[in-house]
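Residues per chain, in single letters:
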Amino acid sequence: MKTSAVSTRLIKKIISAFLLLLVVVGVGYIFITYYFTNKFFQETSQKLNAQLASHVINEKFQNASPFLADGTVNKPLFGDLMHDMMAVNRGIEVYLLSKSGEVLYSVVLDHSDAEKPVSTVDLDPIDAFIACNGDRYILGDDPRNPGKQKIFSADQFAIDGQQGYIYVVLAGKKFEEATEQLLGSYFLKIGLGASLATLIFAGVLGVVVIWYLTRNLRDIIETVRRFKEGDLDARISNAETKDLSVLSETFNEMAHTLVANIEELKSVEELRRELIANVSHDLRTPLAITKGYIETLQMKKIHLSDAEAEKYLNIVGKSIEKLQKLINQLFEYSKLEAKQIVPEKESFSISDLAQDVFEKYQQLATAKQIELKLQVEPNLPLVFADISLVERVLQNLIDNALKFTPNQGSISLEMQSSDTHVSVAIRDTGSGIADHEIEEIFERYKQAKSEPKKSEEGAGLGLAIAKKIIELHDSAISVVSKPELGTTFRFQLPLVGA
């Protein structure tokens, strides 16, 4: 329920953001449309009226001069001129400019104040307009509003020795007033009418599209919710084809990893219970033997002969030795499992190590009437590994072979090299291991059920320790075994520089 609420909130936020974006875009669209429409209208107006100043000069100045005989401006002429112009377009303003750009006269200006500064118009836009014959969109100064620019028409004249310009502003004050009124009407009709309809349509369409596009997200959220509530088999189907494929595949991988970890924890818990039971049993036996014989020595010490006392002490010593070996194995395995042991790799002769191990076990094998063989390839190259840990592996594997090889049997320690590694094999002629039990023999306290039990078989940690050590060397132990035909343990060590 909580996950569904999160999904709903997210979708609401996406929809709200989309609608806000639509409003912003809509308002921007209105202003941009107005700007370019106004610009288009001005450019069109200027082009249509480009020759207006030329017509004024040609029509009005043929029979009358813009200046009187005394050199002053012919105001009645300009009065008639403005009257005619305004009859056609009330937004037009006509100005008489000197050849330097000073405004000499205009009906729309107040010329009664002699002290008022004379307005001037920049001639560069006017000259550019005349040069291109009005074919380009050019803005010029507005004499009534210094700093503003308007569309215009202009032309130069020379009459009765007088030179100047007729400058016609095509978007005068009346034009601005009309534009402001139209702008309000435009916003009312377009902004609140068509734009609102467009926004509503786009909003509804956007909500539908967002709902459609987020369906994969909703599926992912629903799957996550099911997984959280205990459905460990919940997975996102067709994750690689989803819109959010990376998220979907990541969740599936995470779910697989979590389930695997949970299964591993269950297995570890089961092994922990087995470990406690086995350790309790293995510790109880030597402790009970030790306690029993010590009590016997205490109670009957005056009645025991020296030979009997020595015998009891030997039994106690062996029990303590077995107990010490078990504790050492537990300590060693726990350190390996906690990854507290880091191999100190170096180059060494594996053949020399094999010879040392062979000599240590030769006497024990002879005592058990087992033939111990050493078959090492001549001139075996150096390997790169932790010599003490590799020795521990060899000892554990030979110990294991000695436990399950019957009298008159044989154990072989074999070594041969390749281009990149040395292969080590410990082969025995024991009872062998059934196929379904091979995978279990490397687990803690797991021993093959088909193998005969012996009193000295130990805690069942030797193979587990050997496997952990070889894994620290980025290798693995393989097992080949057949019931009644013996077993072969094999692993590889890298050569120096390989």
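Structure's up top.
Report follows, based on the coordinates. (Residues numbered from 1 in each chain as written. Predicted model: local features only at pLDDT ≥ 70, side-chain atom pairs only at ≥ 80, totals over all residues. Heavy atoms only, no water.)

Secondary structure summary: the protein contains 11 helices and 12 strands in total. Buried positions account for 38% of the 498 residues belonging to the protein. Look at the contacts in the protein between residues 6 or more apart in sequence, and 65% of them connect residues 24 or more apart. For the protein, the exposed area adds up to about 29400 Å²; of that, 57% sits on carbon and sulfur atoms. (Helix = DSSP H or I, 4+ residues; strand = E, 2+ residues; numbered from the N terminus. Buried < 20%, exposed > 50% of the residue type's maximum accessible area, 1.4 Å probe, protein only. Contact = heavy atoms within 4.5 Å. Areas by Shrake-Rupley, 256 points an atom, 1.4 Å probe, with all protein chains shown as cover.)

For the rest of this paragraph, the subject is the packing of helix H8 (residues 306–337) against helix H11 (residues 462–472). Taken N-terminus to C-terminus, the directions of H8 and H11 make an angle of 35 degrees; their axes are 10 Å apart at the nearest point. The two elements H8 and H11 cross, and the hand of that crossing is left-handed. Where H8 approaches H11, its residues Gln329, Glu332, Tyr333, Leu336 and Glu337 are matched on the opposing element by Gly462, Ala464, Ile465, Lys468, Ile469 and Leu472. Partitioned by chemical class, the residues of the contact of H8 with H11 number 6 nonpolar, 2 polar and 3 charged. (Axes fitted to C-alpha atoms, helices over the stretch in contact; angles between N-to-C directions. Left-handed = near helix turned anticlockwise from the far one by under 90°. Nonpolar A, V, L, I, M, F, W, Y, C, P; charged D, E, K, R; others polar.)

On to the nonpolar core. Across soluble globular proteins, nonpolar side chains have a tendency to be buried as a group. Core analysis: the largest hydrophobic core is formed by 47 residues, its most contacted members being Ile350, Leu394, Met415, Ile426 and Phe491. Every element with two or more residues in this core is listed here: H8, helix H9 (350–367), strand S8 (383–385), helix H10 (387–404), strand S9 (410–417), strand S10 (421–428), H11 and strand S12 (486–494). Element by element, the count of residues in this core is highest for H10, at 8 residues. If we skip the residues at most four places from it in the chain, methionine 415 touches Ile350, Ala354, Gln375, Val376, Glu377, Leu380, Leu394, Val422, Ser423 and Val424. Counting 23 residues, the second largest nonpolar core, distinct from the first, contains Leu52, Ala53, Val94 and Leu96. (Core = buried A, V, L, I, M, F, W, Y, C linked by side-chain atoms within 4.5 Å.)

Let us now look at the pairing of S12. By the bridge criterion, 8 bridges tie S10 to S12 in an arrangement that is antiparallel. When the bridges of S12 are listed, isoleucine 426 appears paired with phenylalanine 489. Pairing of strand S11 (residues 478–482) with S12, which is carried by 5 bridges, proceeds in the antiparallel orientation. Counterpart to valine 480 in the pairing with S12 is threonine 488. The turn linking S11 back onto S12 is made up of 3 residues, and glutamate 484 within it adopts a positive phi angle of 70 degrees. (Pairing = 2+ DSSP bridges.)

A word on helix H6 (residues 215–228). What sets the pattern is the α-helix's 3.6 residues per turn: residues three or four places apart point alike. An ideal rise of 1.5 Å per residue puts 20 Å on 14 residues; H6 measures up with 20 Å between its terminal C-alpha atoms. Burial in H6 covers these residues: Asn216, Leu217, Ile220, Ile221, Thr223, Arg225 and Phe227. Downstream of H6 by a residue or two, glycine 230 has a phi angle that is positive, lying close to 115 degrees. (Expected span 1.5 Å × (residues − 1).)

So, about the pattern of salt bridges. Scanning all chains against the criterion turns up 9 salt bridges. Measuring nitrogen to oxygen at the nearest pair gives 2.8 Å for the salt bridge that ties arginine 144 to glutamate 93. In this pair, arginine 144 is assigned in the loop between strand S3 (139–141) and strand S4 (149–159) and glutamate 93 in strand S1 (residues 93–98), connecting sequence segments 51 residues apart. Here arginine 226 makes a salt bridge to aspartate 231, at a shortest N to O gap of 3.0 Å. For arginine 226, a relative accessible area of 32% translates into the label partly exposed. Residue classification places aspartate 231 among the partly exposed residues on the basis of a relative accessible area of 29%. (Salt bridge = Lys/Arg side-chain N within 4 Å of Asp/Glu carboxyl O.)

Strand order in the open sheet formed by 5 strands is S2-S1-S5-S4-S3, with antiparallel pairing between adjacent strands. Looking at the sheet topology across the chains shown, the edges are occupied by strand S2 (103–105) and S3. Neighbouring strand axes in the sheet, compared pairwise and without regard to direction, differ in orientation by 45 degrees on average. As paired elements, S1 and strand S5 (residues 162–169) share 6 bridges and run antiparallel to each other.

Here we come to the sheet that holds S10. Pairing within the open sheet is mixed, and its 5 strands lie in the order S7-S9-S10-S12-S11. Of all the strands in the sheet, just strand S7 (371–376) and S11 have a single pairing partner and so form its edges. Averaged over all adjacent pairs, the angle separating strand axes in this sheet is 15 degrees, with direction ignored. Sheet topology note: the S7/S9 ladder contains 6 bridges and is parallel. Along S9, the bridge assignment pairs leucine 374 with leucine 413.

Residue glutamine 369 is not a glycine yet carries a positive backbone phi of 60 degrees. For glutamine 369, a relative accessible area of 45% corresponds to the partly exposed category.

Residue position: serine 410 is located in strand S9. Sequence-wise, serine 410 and glycine 486 are 76 residues apart; in three dimensions their C-alpha atoms are separated by 9.7 Å. The contact partners of serine 410, leaving out residues within four places of it in the chain, are Ile370, Glu371, Lys373, Thr405, Arg427, Asp428 and Thr429.

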